[in-house]
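Analysis of the macromolecular model
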Amino acid sequence: MSLPAGTPLRADPQAITLLLIDAQPMFWDSMSGSREPVMARTAHLLKLAGSVGVPVIATFEHPVERKGWLPERLERAMPANAARFVKRTYDCCGEPEIRDALLSGPGRQVAVAGAETDVCVLQSTL
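Structural notes, computed from the coordinates. Just so it is clear, the structure is predicted and the values come from calculations on it, not from any experiment.

Another aspect to go through is the overall build of the chain. Assigned secondary structure in the chain consists of 6 helices and 4 strands. Element order for the chain, N to C, with α for helix and β for strand: β-α-α-β-α-α-β-α-β-α. For 126 residues, the compact-globule estimate of 2.2 N^0.38 gives 14 Å, and the chain sits close to it at 15 Å. Projected onto the principal axes, the alpha-carbon positions of the chain cover approximately 45 × 30 × 30 Å. For the chain, the proportion of contacts with a sequence separation of at least 24, taken over those separated by at least 6, is 78%. Element-wise, carbon and sulfur atoms account for 55% of the exposed surface of the chain, whose accessible area totals about 7,500 Å².

Right, here's the structure in full:
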């Protein structure tokens, strides 16, 4: 399907999955500048996804024992039915479980968020 030029693209709650990439304490702690605005927006995004039934997939870079799981604020906002995966590569699609979870989602849109956009998020989306 082709959209006419100038048509704004919109997220379709019936066809989107939220992929939260490596939003672990180690990455939040190394963020330059104020992390508060990013943390607040990420928590809001998770709550919004939960309230409208958008599936959420969260990845955690190995070793989780050193890098941590989610900061408490994001843990409180995470929908109860979110899928969680530990990954050993930067590329989410290089991990069969994560790739399969993405492919089994409701449609062809993926919204992406994370704490370290220059490596973890970038490499996962490429």
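Evaluated as defined, the whole model comprises 6 salt bridges. With a closest N to O distance of 3.9 Å, Arg76 and Glu72 form a salt bridge. Highlighted residues: Arg76 and Glu72, both in helix 4 (residues 72–77), separated by 4 residues, approximately one helical turn. Like Arg76, the residue Glu72 is exposed in the burial classification.

Once that is clear, we can look at the packing of aromatic side chains. Scanning the entire structure with this criterion turns up 1 aromatic pair. Relative to Trp69, the ring of Phe60 lies with its centre 4.9 Å away and its plane at 65°, an arrangement referred to as edge-to-face. Look at Phe60 and you get buried, because its relative accessible area is 0%. Classification of Trp69 by relative accessible area gives partly exposed; the value is 44%.

This brings us to the sheet that holds strand 4 (residues 109–114). A sheet is described by the order of its strands in space; here 4 strands give the open sequence 3-2-1-4, paired in parallel fashion. If you trace the sheet from one side to the other, it starts and ends with strand 3 (83–87) and strand 4, each paired once. The sheet shows a mean angle of 20° between the axes of neighbouring strands, taken without regard to direction. Where strand 1 (residues 16–21) meets strand 2 (residues 56–61), 4 bridges bridge the pair, whose relative direction is parallel. Paired with Leu19 across the strands is Ile57, a residue of strand 2. Its contacts with the sheet place helix 6 (residues 117–125) against strand 1, strand 2, strand 3 and strand 4, and it is angled at close to 165° to strand 4.

Bringing the nonpolar core into the picture now. Considering soluble globular proteins, one finds that nonpolar side chains tend to be buried as a cluster. With 32 residues, the main nonpolar core has Leu20, Leu46, Val56, Leu70, Leu74 and Met78 as its most contacted residues. Elements with a contribution of two residues or more to this core: strand 1, helix 1 (25–29), helix 2 (36–52), strand 2, helix 4, helix 5 (96–103) and helix 6. Not counting residues up to four positions away in its chain, the partners in contact with Leu46 are Leu18, Leu20, Val56, Leu74, Ala77, Met78 and Pro79.

So, how was this worked out
- Residues numbered from 1 in each chain as written.
- Predicted model: local features only at pLDDT ≥ 70, side-chain atom pairs only at ≥ 80, totals over all residues.
- Heavy atoms only, no water.
- Helix = DSSP H or I, 4+ residues; strand = E, 2+ residues; numbered from the N terminus.
- Rg over C-alpha atoms; globule rule 2.2 N^0.38 Å.
- Contact = heavy atoms within 4.5 Å.
- Areas by Shrake-Rupley, 256 points an atom, 1.4 Å probe, with all protein chains shown as cover.
- Salt bridge = Lys/Arg side-chain N within 4 Å of Asp/Glu carboxyl O.
- Buried < 20%, exposed > 50% of the residue type's maximum accessible area, 1.4 Å probe, protein only.
- Phe/Tyr/Trp six-rings, centres within 6.5 Å; stacked < 30°, edge-to-face > 60°.
- Pairing = 2+ DSSP bridges.
- Axes fitted to C-alpha atoms, helices over the stretch in contact; angles between N-to-C directions.
- Core = buried A, V, L, I, M, F, W, Y, C linked by side-chain atoms within 4.5 Å.

By themselves these figures say nothing about function.
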